[in-house]
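If you want the building blocks of each chain, they are given just below.
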Amino acid sequence: MNTVRHRPVRPFVLIGPVLGLAALAAVASGVWVVHRMADPATTFLAGVRVDGSRVSVKMPTCRTDEVATVEVYDVDSETPLWRATGPRTPE
């Protein structure tokens, strides 16, 4: 009589690929989160306007945020080129 013998399936043989896929998914998710946090498209633009002696600075903020000081730096310098404290209007 010819009978076919089947090998018993060992649990660790099935768990290995599942754990490998889970680790790969975790690493991919981590890379995606870091990429989203470092995305340069999330930067904001600030606007500066000079009318005579009056300087206006506009930038997006949350309604609850308050801007107390604005400093303008040159890329190559650590000392500010311009600084203003205490905005004249809440806008």
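Residues numbered from 1 in each chain as written. Predicted model: local features only at pLDDT ≥ 70, side-chain atom pairs only at ≥ 80, totals over all residues. Heavy atoms only, no water.

**Thoughts on the overall build of the chain**
So, step 1. A tally of regular secondary structure across the chain gives one helix and four strands.
So, step 2. Residue burial in the chain is summarised as follows: out of 91 residues, 2% are buried.
So, step 3. Within the chain, contacts between residues separated by at least 24 positions form 5% of all contacts whose residues are at least 6 apart in sequence.
So, step 4. Working note: accessible area of the chain is about 9100 Å², and carbon and sulfur atoms make up 60% of it. (Helix = DSSP H or I, 4+ residues; strand = E, 2+ residues; numbered from the N terminus. Buried < 20%, exposed > 50% of the residue type's maximum accessible area, 1.4 Å probe, protein only. Contact = heavy atoms within 4.5 Å. Areas by Shrake-Rupley, 256 points an atom, 1.4 Å probe, with all protein chains shown as cover.)

**Thoughts on the pairing of strand β4 (residues 80-85)**
So, step 1. The element β4 is largely exposed, with a buried count of zero among its six residues.
So, step 2. Taken together, the five bridges between strand β3 (residues 69-73) and β4 define a ladder with antiparallel strand orientation. Within the sheet, the bridge partner assigned to Glu71 lies in β4 and is Arg83.
So, step 3. Here β3 folds back onto β4 in antiparallel fashion, the turn holding six residues. (Pairing = 2+ DSSP bridges.)

**Examining a nonpolar patch on the surface**
So, step 1. Residues Val48, Val50 and Val55 make up a contiguous nonpolar surface patch of roughly 250 Å² in combined accessible area.
So, step 2. Structurally, the position occupied by Val55 is in strand β2 (residues 54-58). (Patch = residues over 30% accessible without salt bridge, like charges linked within 9 Å, V, L, I, M, F, W, Y side chains within 5 Å. Salt bridge = Lys/Arg side-chain N within 4 Å of Asp/Glu carboxyl O.)

**Description of the pairing of strand β1 (residues 47-51)**
Looking along a regular strand, one sees the side chains alternate between the two faces of the sheet.
So, step 1. Burial analysis of β1 places just zero of its five residues in the buried class, a small minority of the element.
So, step 2. In this structure, β1 lies alongside β2, joined through five bridges in antiparallel fashion. Paired with Asp51 across the bridge in β2 is Arg54.
So, step 3. Counted between consecutive antiparallel strands, the loop separating β1 from β2 contains two residues, among which Gly52 sits at a positive phi close to 65 degrees.

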